[in-house]
Amino acid sequence: MSEPTFLFSLRNAGIHPDDDAETRLKKSLLIFATGLVCLGSMLWLFLYGQMGPQFSATPPFIFQLLLVSNLLLYFYSGNFSFFRYSQLALFLFAPFAVQWSIGNFITASGASLWGLLAPIGAVLFFGVRESLAWFIAYIFLTALSGFFDYFLADSVAATTPKVSIRTSVFFFALNFAAISSIVYLLLRYAVQEKANAQASLEETHRLLQIEQDRSERLLLNILPGPVAERLKHDNQTIADGFADVTVMFVDIVNFTKIAEGLTPQQVFSMLNRIFSSFDELAEQYGMEKIKTIGDAYMVAGGLNNEETNYTKSIAELAIAMRDLLHRDFSVNEMHLDVRIGIGTGPVVAGVVGKKKFIYDLWGDTVNLASRITSEGVPGMIQVDEMTHRRLAEHFAFLEPQTIYLKGKGNTLVYRLLGERERH
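Residues numbered from 1 in each chain as written. Predicted model: local features only at pLDDT ≥ 70, side-chain atom pairs only at ≥ 80, totals over all residues. Heavy atoms only, no water.

Undergrad: Looking at this structure, how should I read the packing of helix 5 (residues 117-125) against helix 6 (residues 128-151)?
TA: A packed helix pair is summarised by two numbers, namely the angle formed by the two axes and the spacing between the axes. Contact geometry for helix 5 and helix 6: axes closest at 8 Å, N-to-C directions at 175°. Taken together, the axes of helix 5 and helix 6 lie roughly antiparallel to each other. Of the residues in helix 6, those touching helix 5 at Ala118, Pro119, Ala122 and Val123 are Val128, Ser131, Trp134, Phe135 and Tyr138. In terms of residue class, the contact of helix 5 with helix 6 is made up of eight nonpolar, one polar and no charged. (Axes fitted to C-alpha atoms, helices over the stretch in contact; angles between N-to-C directions. Helix = DSSP H or I, 4+ residues; strand = E, 2+ residues; numbered from the N terminus. Parallel < 35°, antiparallel > 145°, perpendicular 65-115°, else oblique. Contact = heavy atoms within 4.5 Å. Nonpolar A, V, L, I, M, F, W, Y, C, P; charged D, E, K, R; others polar.)

Here it is in structure tokens:
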């Protein structure tokens with residue numbers, strides 16, 4: 001249990017919470033590369049000792065100490081930029097220094113191959129563009145070593161202890177295998193971490209999409225669809241004039257008196273059952289719920305929809321709401337009754353406010369429908385003259401009545417009985 005915890009802590013050492021995903025990957029990759037090089041160097045020293053060294057093991061040992069010391073300095077200072085440059089410089093120059101201390105490319109069994117980790121690491125830790133300078137430096141040092149090995153081969157051979165072919169071949173194989181393994185593991189680690197980051201990003205995107213869908217559903221529960229789309233893409237005030245809209249109010253009779261004997265939970269439960277049923281009916285008939293005002297329910301037709309005969313649909317909705325309360329006492333446990341008023345004419349519609357906003361209607365048509373409702377008779381549906389003219393062909397009405405409305409004076413209203421029988 002302690003080893004995975006230690007490795008996890010080592011891998012995430014030096015990573016700050018505000019680091020982006022790319023920086024986190026580069027930091028963990030460089031620490032991982034340092035660990036691999038240290039491990040390979042330890043193996044090289046061990047096997048070198050077992051083979052009976054004829055050269056000093058001090059240079060590769062110093063190389064390993066420098067790598068670890070630089071890593072500890074990074075953990076202490078947190079300066080990733082310096083750590084990145086200095087560690088790659090060690091990857092690049094130290095193998096050539098070790099090779100030159102041993103002799104030439106053959107006697108050192110190609111120890112300079114380890115310098116290839118610098119340009120490869122630069123691709124991973126800096127980027128493709130920045131890695132070019134490191135690659136040129138590696139090629140230059142390789143060419144320089146080849147130049148001296150070629151022209152000074154005889155003099156160096158005379159002063160360098162002889163290395164057996166077996167030892168030389170063994171360490172050539174070891175160096176090739178070690179470098180190939182480290183390069184493979186680094187690339188594999190980088191690809192795996194990027195795949196994990198991509199999976200995490202996709203999961204985050206999926207969760208954000210779920211939240212966005214939930215937010216859009218919530219917005220559509222508050223605003224009509226076209227208005228919600230405009231609000232998402234336009235910061236300007238939304239206010240529209242409609243020349244012809246049918247507005248309906250449904251008012252629960254004696255609600256205040258009935259609610260006095262109920263707990264707040266009972267009042268809420270009663271209203272929620274009734275208004276939720278009204279919501280379902282409004283959606284079924286294609287009408288737009290505007291809002292609830294205490295114990296009143298407001299709905300309109302002719303707003304942002306393709307319904308042509310919306311006045312007729314509003315009347316059918318009114319009958320459905322009234323009949324629902326008369327027959328379904330699982331919804332209407334208290335046997336409540338309603339007054340319903342319908343008016344048709346021009347309105348102004350828009351979104352009010354910036355916080356806790358609502359879509360609302362204003363105008364004489366709204367006032368008329370509201371006052372027809374409040375002056376109505378329980379269980380009856382009252383409509384204004386304009387609405388009656390549109391519905392007279394399809395619905396039966398009682399004789400018109402003149403009632404006095406505040407701010408309107410004497411007003412002609414019609415009481416809707418139901419749909420006419422079709423012959």
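Undergrad: Explain the packing of aromatic side chains here, please?
TA: Aromatic ring pairs: the centre-centre distance and the angle between the two ring planes describe each pair. Inspection of every chain in the model, using the stated rule, returns 15 aromatic pairs. Ring centres of Phe32 and Tyr189 lie 4.6 Å apart, and the angle between their planes is 25°; this geometry places the pair in the stacked category. Note that Phe32 is positioned in helix 2 (residues 21-50) and Tyr189 in helix 8 (residues 165-222), a separation of 157 residues in sequence. In this structure Tyr189 comes out as buried when scored by relative accessible area, which is 10%. Look at Tyr74 and Phe75: their rings are 5.9 Å apart centre to centre, the planes differ by 45°, and that puts the pair in the tilted class. (Phe/Tyr/Trp six-rings, centres within 6.5 Å; stacked < 30°, edge-to-face > 60°. Buried < 20%, exposed > 50% of the residue type's maximum accessible area, 1.4 Å probe, protein only.)

Undergrad: Where do I start with the pattern of salt bridges in this structure?
TA: A pair can form between side chains of opposite charge whenever their charged atoms are brought close. Within the structure shown, the criterion is met by ten salt bridges. A salt bridge links Arg339 to Asp251; its shortest N-O distance comes to 3.4 Å. Note that Arg339 is positioned in strand 4 (residues 338-352) and Asp251 in strand 1 (residues 239-252), a separation of 88 residues in sequence. Assigned by exposure class, Arg339 and Asp251 land together as buried. The closest approach of N and O atoms between Arg322 and Asp323, which form a salt bridge, is 3.5 Å. (Salt bridge = Lys/Arg side-chain N within 4 Å of Asp/Glu carboxyl O.)

Undergrad: Help me out: how do you make sense of helix 12 (residues 310-327) in this one?
TA: Because an α-helix completes one turn every 3.6 residues, residues spaced three or four positions apart along the sequence face the same direction. Between its first and last C-alpha atoms helix 12 spans 25 Å; for 18 residues at 1.5 Å apiece the expected length is 26 Å, and the two agree. Of all 18 residues in helix 12, 15 are buried, a share of seventy percent or more. (Expected span 1.5 Å × (residues − 1).)

Undergrad: Quick question: what am I supposed to make of the side chain of Asn70 here?
TA: Following the sequence through the fold, Asn70 ends up in helix 3 (residues 58-77). Given a relative accessible area of 9%, Asn70 falls into the buried group. Setting aside residues up to four positions removed in sequence, Asn70 forms contacts with Phe82, Phe83, Ser86, Gln87 and Leu90.

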